[in-house]
Amino acid sequence: QVQLVESGGGLVQAGGSLRLSCAASGRTFSGYAMGWFRQAPGKEREFVAAISWTGGNTYYTDSVKGRFTISRDNAKNTVYLQMNSLKPEDTAVYYCAAAMTIAAVTTTPDYWGQGTQVTVSS
């Protein structure tokens, strides 16, 4: 079992930045691909970004490419999502996710965090 705890959400003006963190505990973090999803009010949860265990491969949904960066520190069992040039449409609850493969983490993760709210004001 892997427990995931997100932090770093908050209220920011359009054009601003936030960095989300996701700390993993429990079963070893080793080998897991990690991802971020988001869910806006009234909408389905959507994939945002993913990173392989080594960090050598990253993937992003088109709407965040060039603005968001996913990274990880395996020594700290933590994955990050740096969000720049934020827009009001980025407002959502952001969830951290984990799976054994990067393909799985983008579609059907095995583990989820509880979410952290990001609100971008115009």
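Note that the structure is a prediction, hence the values are computed from the model and not measured.

K.L.:
Could you clarify how one ought to interpret the overall build of the chain in this entry?
P.N.:
When you go through the chain residue by residue, the secondary structure sums to one helix and 11 strands. Element order for the chain, N to C, with α for helix and β for strand: β-β-β-β-β-β-β-β-β-α-β-β. Compactness check: the chain gives a C-alpha radius of gyration of 13 Å against a globular reference of 14 Å for 122 residues, within 12% of the reference. Principal-axis analysis of the C-alpha atoms gives the chain an extent of 40 × 25 × 25 Å. Of all 122 residues assigned to the chain, the portion counted as buried reaches 43%.

K.L.:
What should I look at first to understand the pairing of strand β1 (residues 2-7) in this one?
P.N.:
For a regular strand, side chains alternate in direction, first toward one face of the sheet and then toward the other. Where burial is concerned, the two faces of β1 differ: the one with Val2, Leu4 and Glu6 is buried and the one with Gln3, Val5 and Ser7 is not. As judged from the six bridges shared by β1 and strand β3 (residues 18-26), these two strands associate in the antiparallel manner. For Glu6, the partnering residue across the bridge sits in β3 and is Cys22.

K.L.:
What am I meant to see in the state of the cysteines here?
P.N.:
Among covalent bonds in proteins, the disulfide is the one between the sulfur atoms of two cysteines. One pass over the structure, following the stated rule, counts one disulfide. The partner cysteine of Cys22 in its disulfide is Cys96, sulfur to sulfur 2.1 Å. Note on the Cys22 and Cys96 pair: the S-S dihedral is about -80 degrees, so by sign convention the disulfide is left-handed. You can see Cys22 sitting in strand β3 and its partner Cys96 sitting in strand β9 (residues 92-99), a full 74 residues away along the chain. Just as Cys22 is buried, Cys96 falls in that class too.

K.L.:
I would appreciate a short explanation of the packing of aromatic side chains in the present structure.
P.N.:
What describes a pair of aromatic rings is the distance from one ring centre to the other and the angle between the planes of the rings. In the structure shown here, the tally under the stated rule is four aromatic pairs. Between Phe37 and Trp112 the ring centres are 4.9 Å apart and the planes differ by 65 degrees, which places this aromatic pair in the edge-to-face class. On the criterion of sequence distance, the pair formed by Phe37 in strand β4 (residues 33-39) and Trp112 in strand β10 (residues 111-112) is long-range, its members being 75 residues apart. The exposure class assigned to Phe37 is buried, which follows from its relative accessible area of 5%. On the basis of relative accessible area, Trp112 is assigned to the partly exposed category, the value being 34%. Measuring from ring centre to ring centre gives 6.4 Å for Tyr95 and Trp112, while their planes differ by 90 degrees; the resulting arrangement is edge-to-face.

K.L.:
How do you make sense of the pairing of strand β5 (residues 46-51) when you look at a structure like this?
P.N.:
Along β5, five of the six residues are buried, which leaves the element largely enclosed by surrounding structure. Sheet analysis places β4 next to β5, joined by five bridges and oriented antiparallel. In the strand pairing of β5, Gly35 is matched with Ala50. Linking β4 to β5, which pair antiparallel, is a turn of six residues; within it Gly42 sits at a positive phi near 80 degrees. Sheet topology note: the β5/strand β6 (residues 58-60) ladder contains three bridges and is antiparallel. Among the inter-strand pairings, Ala49 is bridged to a residue of β6, identified as Tyr60.

K.L.:
Quick question: what am I supposed to make of the sheet that holds strand β7 (residues 68-73) here?
P.N.:
Across a sheet, strands are paired by hydrogen bonds formed along the backbone, either parallel or antiparallel in direction. Taken together, four strands build an open sheet; the order of strands is β1-β3-β8-β7 and the sheet is antiparallel. Each edge of the open sheet carries a strand with a single partner, namely β1 and β7. Strand-to-strand twist across the sheet, computed as the mean angle between neighbouring axes with direction ignored, equals 20 degrees. Examined bridge by bridge, β3 and strand β8 (residues 78-83) share six bridges and lie antiparallel to one another. Following the sheet pairing, Leu18 is matched in β8 by Met83.

What counts and how
Residues numbered from 1 in each chain as written. Predicted model: local features only at pLDDT ≥ 70, side-chain atom pairs only at ≥ 80, totals over all residues. Heavy atoms only, no water. Helix = DSSP H or I, 4+ residues; strand = E, 2+ residues; numbered from the N terminus. Rg over C-alpha atoms; globule rule 2.2 N^0.38 Å. Buried < 20%, exposed > 50% of the residue type's maximum accessible area, 1.4 Å probe, protein only. Pairing = 2+ DSSP bridges. Disulfide = S-S within 2.5 Å. Phe/Tyr/Trp six-rings, centres within 6.5 Å; stacked < 30°, edge-to-face > 60°. Axes fitted to C-alpha atoms, helices over the stretch in contact; angles between N-to-C directions.

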